[in-house]
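Residue-level structural notes
Take a look at the letters that make up each chain.
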Amino acid sequence: MPLLLFAIPDQEAQTNHFSFGVPNLASLILTHSVDGEIPGISEAPPEEQPPVFIVFWAFRVMVGIGLLMIAVSLTGLILRRKGRIYTQRLFLKTMTRMIAVPFVAVLAGWVVTESGRAPWLVYGMMTHEEGLTPSLTGPMALFTLLGYILVYAVVFYVGIYYLTRVVRNGMLPEEKRETEADNSRRPMRPMSGAETSFDDDLDPVRN
Ligand code: HEM
């Protein structure tokens, strides 16, 4: 079985369009043998298949991000060895962009498992449809949804505000890292990161 890197799954026609992959790699990963076989999704009756397009692409977004994270980490390691990790602008810019990336991967992973399990809540025993609470009305669901949106709007805003402050404060400049006095001011807990400024003019502790 090939490991498909790209395809447009067409669930209605039970086929993939424009598929492109590495021959035998899926067999090797899943069965540890180059010609191993495992049952494909099309062997399940269509009414028991999950929404293939969503699962297919959410999985690739997640894994793609995982590989990107590995690549960026390795690049960091190489730059560190060469003593250029704090001065390579493109790398530093990439690192700040990478802050958002794990959030997307977590959501994509979650979509993979939740929609990949469909239509089952408990495989072979209970479907999503059977799991619906009969007494739950539309307005009740809407009320809960609005509650979640409200709470998350606050939590998310505070989180972004906090992270932005930590990132803006940045790291302790290299020349200031050596003395013991400076080290004692370095935040040891993530929460103190947002309170401490390493800029001498702004730091209330030093002035
Ligand atoms: C490096 C490549 C990666 C591979 C090969 C991979 C593989 C997988 C697989 C096979 C699953 C489904 C597990 C199951 O069937 O229950 C999964 C789920 C998940 N993955 Fe990934 N993953 C990768 C990267 C990532 C990254 C970078 C993140 C987040 C930073 C992530 C977050 C998740 C989450 C949140 C789930 C759902 C877990 C659950 O709901 O049980 N994955 N991953």
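Residues numbered from 1 in each chain as written. Predicted model: local features only at pLDDT ≥ 70, side-chain atom pairs only at ≥ 80, totals over all residues. Heavy atoms only, no water.

Comments concerning the coordination of the iron atom of the ligand
Threshold: Here the term donor refers to an N, O or S atom within 2.8 Å of the metal (or 3.2 Å for Na, K and Ca), and because water is left out of the atoms, sites may appear incomplete. In this text, helices come from DSSP runs of H or I with a minimum length of four residues, and strands from runs of E with a minimum of two, each type numbered from the N-terminal end.
Among protein atoms, the single one acting as a donor to the iron atom of the ligand is Met62 (SD), 2.3 Å away. Tracing the sequence through the fold places Met62 in helix 2 (residues 52-81).

A look at unusual backbone geometry
Cis rather than trans, the peptide bond between Ala118 and Pro119 has omega equal to 5 degrees. Inspection of the secondary structure puts Pro119 in the loop between helix 4 (101-116) and strand 3 (120-122). The phi angle at Phe18 is positive, at roughly 50 degrees, despite the residue not being glycine. Secondary-structure assignment places Phe18 in strand 2 (residues 15-22).

Remarks on the UniProt feature "transmembrane region" (unreviewed entry) in the protein
Put simply, the test is: UniProt positions are given in the numbering used here, feature names are shortened, and annotations may be inferred rather than shown by experiment.
This chain's UniProt record puts "transmembrane region" (unreviewed entry) on residues 54-79, 99-120 and 140-163. With 73% helix and 5% strand, the stretch residues 99-120 has end C-alpha atoms that lie 34 Å from each other. Taken end to end, residues 140-163 comprises 100% helix and 0% strand; its first and last C-alpha atoms sit 34 Å apart.

Section: the packing of helix 2 against helix 3 (residues 89-98)
Note the cut-off: In this description, a line fitted to the C-alpha atoms serves as the axis of each element, helices being fitted only across the stretch in contact, and the angle between N-to-C directions of two axes falls anywhere from 0 to 180 degrees. Rotating anticlockwise by less than a right angle from the far helix to the near helix defines a left-handed crossing, while the corresponding clockwise rotation defines a right-handed one. Only heavy atoms matter for contacts: two residues are in contact if any of them lie within 4.5 Å across the pair. Residues are grouped as follows: Ala, Val, Leu, Ile, Met, Phe, Trp, Tyr, Cys and Pro are nonpolar; Asp, Glu, Lys and Arg are charged; all remaining types, including Gly, are polar.
Where helix 2 contacts helix 3, the two axes come as close as 11 Å, and the packing angle between them is 145 degrees. In this structure, helix 2 meets helix 3 at a crossing whose hand is left-handed. Contacts between helix 2 and helix 3 pair Leu68, Met69, Val72, Thr75, Gly76 and Leu79 from the former with Phe91, Thr94, Met95 and Met98 from the latter. Taken together, the residues of the contact of helix 2 with helix 3 break down into seven nonpolar, three polar and no charged.

So, the site of the ligand
Worth spelling out the cut-off: If even one non-hydrogen atom of a residue comes within 4 Å of a molecule or strand, that residue is called near it. Any N or O atom pair separated by 3.5 Å or less is treated as a polar contact, with the protein-specific requirement of one donor-capable and one acceptor-capable atom, and with residues adjacent in sequence counted only for side-chain atom pairs.
The environment of the ligand is formed by Phe59, Met62, Val63, Gly66, Met69, Pro102, Ala105, Val106, Gly109, Trp110 and Thr113. In the environment of the ligand, an oxygen atom lies 3.0 Å from a nitrogen or oxygen atom belonging to the side chain of Thr113. Where the shell around the ligand is concerned, the elements lending two or more residues are helix 2 and helix 4. With six residues, helix 4 is the single largest residue contributor to the shell around the ligand. Grouping the amino acids of the shell around the ligand by side-chain chemistry returns eight nonpolar, three polar and no charged.

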